[in-house]
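Structural characterization, general
Each chain is listed here by its residues.
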Amino acid sequence: MYDLELEQLDAKTVFLHGKLEEKIYMRQPEGFVIEGKEDHVCLLKKLLYSLKQSLRQWYKRFDSLMLSHGYLRSRYDSCVYFRKLHDGSFIYLLLHMDYILITAKDMSKIDELKALLACEFEKKNLGAAKKILDMKIQRDRKGGKLS
């Protein structure tokens, strides 16, 4: 049996990490309209949560980080990254929106990847994975089962 460790992270303010690649203007927010300049608009300098571009920009930045550190993107799912370690085992990272699962045989390798991500993104370490996408994760180490 592999008996892999399974850790979970939550990337905080994920949609604010991307960089704008285009000029985006918006109306002045209600309550912040400048008197006498009601017809003026705001030029965004950062992404906003509700923008369609926000998730794409976050993913591009995340993808660039992973690839630049020797991780490969799965051919079958672009939100799965992996890297072969010196002992022949693998470390895997699964990304869903702002939730991250990391699995590997060696907990120290997971900690190294967490440190790398912490240098680039604000994240919350949720520890051993217990729930993802409303699915409960139960582990039976003796039986070698994960359900």
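Our subject is the structure listed above.
Just so you know, these numbers come straight off a predicted model, no measurement behind them. (Residues numbered from 1 in each chain as written. Predicted model: local features only at pLDDT ≥ 70, side-chain atom pairs only at ≥ 80, totals over all residues. Heavy atoms only, no water.)

A few words now on the overall build of the chain. When its secondary structure is counted, the chain shows two helices and 12 strands. Listing the helices and strands of the chain from first to last along the sequence gives β-β-β-α-β-β-β-β-α-β-β-β-β-β. By residue count, 33% of the 147 residues in the chain fall in the buried class. Element-wise, carbon and sulfur atoms account for 55% of the exposed surface of the chain, whose accessible area totals about 10,400 Å². (Helix = DSSP H or I, 4+ residues; strand = E, 2+ residues; numbered from the N terminus. Buried < 20%, exposed > 50% of the residue type's maximum accessible area, 1.4 Å probe, protein only. Areas by Shrake-Rupley, 256 points an atom, 1.4 Å probe, with all protein chains shown as cover.)

On to the sheet that holds strand S1 (residues 5-11). Adjacent strands of a sheet form backbone hydrogen bonds with each other and so pair up, either parallel or antiparallel. Reading across from one edge, S4-S5-S6-S7-S1-S8 is the order of the six strands in this open sheet, with antiparallel pairing throughout. Looking at which strands have only one partner, the edges of the open sheet turn out to be strand S4 (72-73) and strand S8 (123-128). With five bridges connecting them, strand S5 (residues 80-84) and strand S6 (residues 90-96) associate as antiparallel partners. Bridging across to S6, Tyr81 finds its partner in Leu93. (Pairing = 2+ DSSP bridges.)

Moving on, we come to the environment of Leu146. As for its position among the elements, Leu146 is in strand S12 (residues 145-146). Those residues in contact with Leu146, other than ones at most four positions away along the chain, are Leu6, Ile137, Gln138 and Arg139. (Contact = heavy atoms within 4.5 Å.)

Now for a nonpolar patch on the surface. Taken together, the side chains of Tyr25, Val41 and Leu43 make up a nonpolar region of the molecular surface, amounting to roughly 300 Å² of accessible area. Looking at where Tyr25 falls in the secondary structure, it is placed in strand S2 (residues 25-27). (Patch = residues over 30% accessible without salt bridge, like charges linked within 9 Å, V, L, I, M, F, W, Y side chains within 5 Å. Salt bridge = Lys/Arg side-chain N within 4 Å of Asp/Glu carboxyl O.)

Time to look at the pairing of strand S7 (residues 99-104). Buried residues dominate S7, accounting for five of its six residues. In this sheet, S7 lies alongside S1 in antiparallel orientation, the contact comprising six bridges. When the sheet's bridge partners are listed, Gln8 is paired in S7 with Leu101. As judged from the six bridges shared by S6 and S7, these two strands associate in the antiparallel manner. Bridge assignment links Ile91 to a residue of S7, and that residue is Ala104. As consecutive antiparallel partners, S6 and S7 are separated by two residues, and within that stretch Met97 has a phi angle of approximately 55 degrees, a positive value.

This next bit is on the environment of Gly127. Among the structural elements, Gly127 can be located in strand S8. When the C-alpha positions of Gly127 and Glu7 are compared, they lie 5.3 Å apart, and in sequence the two are 120 residues distant. Every residue in contact with Gly127, bar those within four places of it in the chain, is listed here: Leu6, Glu7 and Gln8.

Formed by 20 residues in total, the largest nonpolar core has its most connected members in Phe62, Leu93, Ile102, Leu113 and Leu117. If you list the elements that add at least two residues to this core, you get S1, helix H1 (52-68), S6, S7 and helix H2 (107-120). Core analysis: the next-biggest nonpolar cluster, separate from the first, contains five residues, Leu6, Ala129, Ile132 and Ile137 among them. (Core = buried A, V, L, I, M, F, W, Y, C linked by side-chain atoms within 4.5 Å.)

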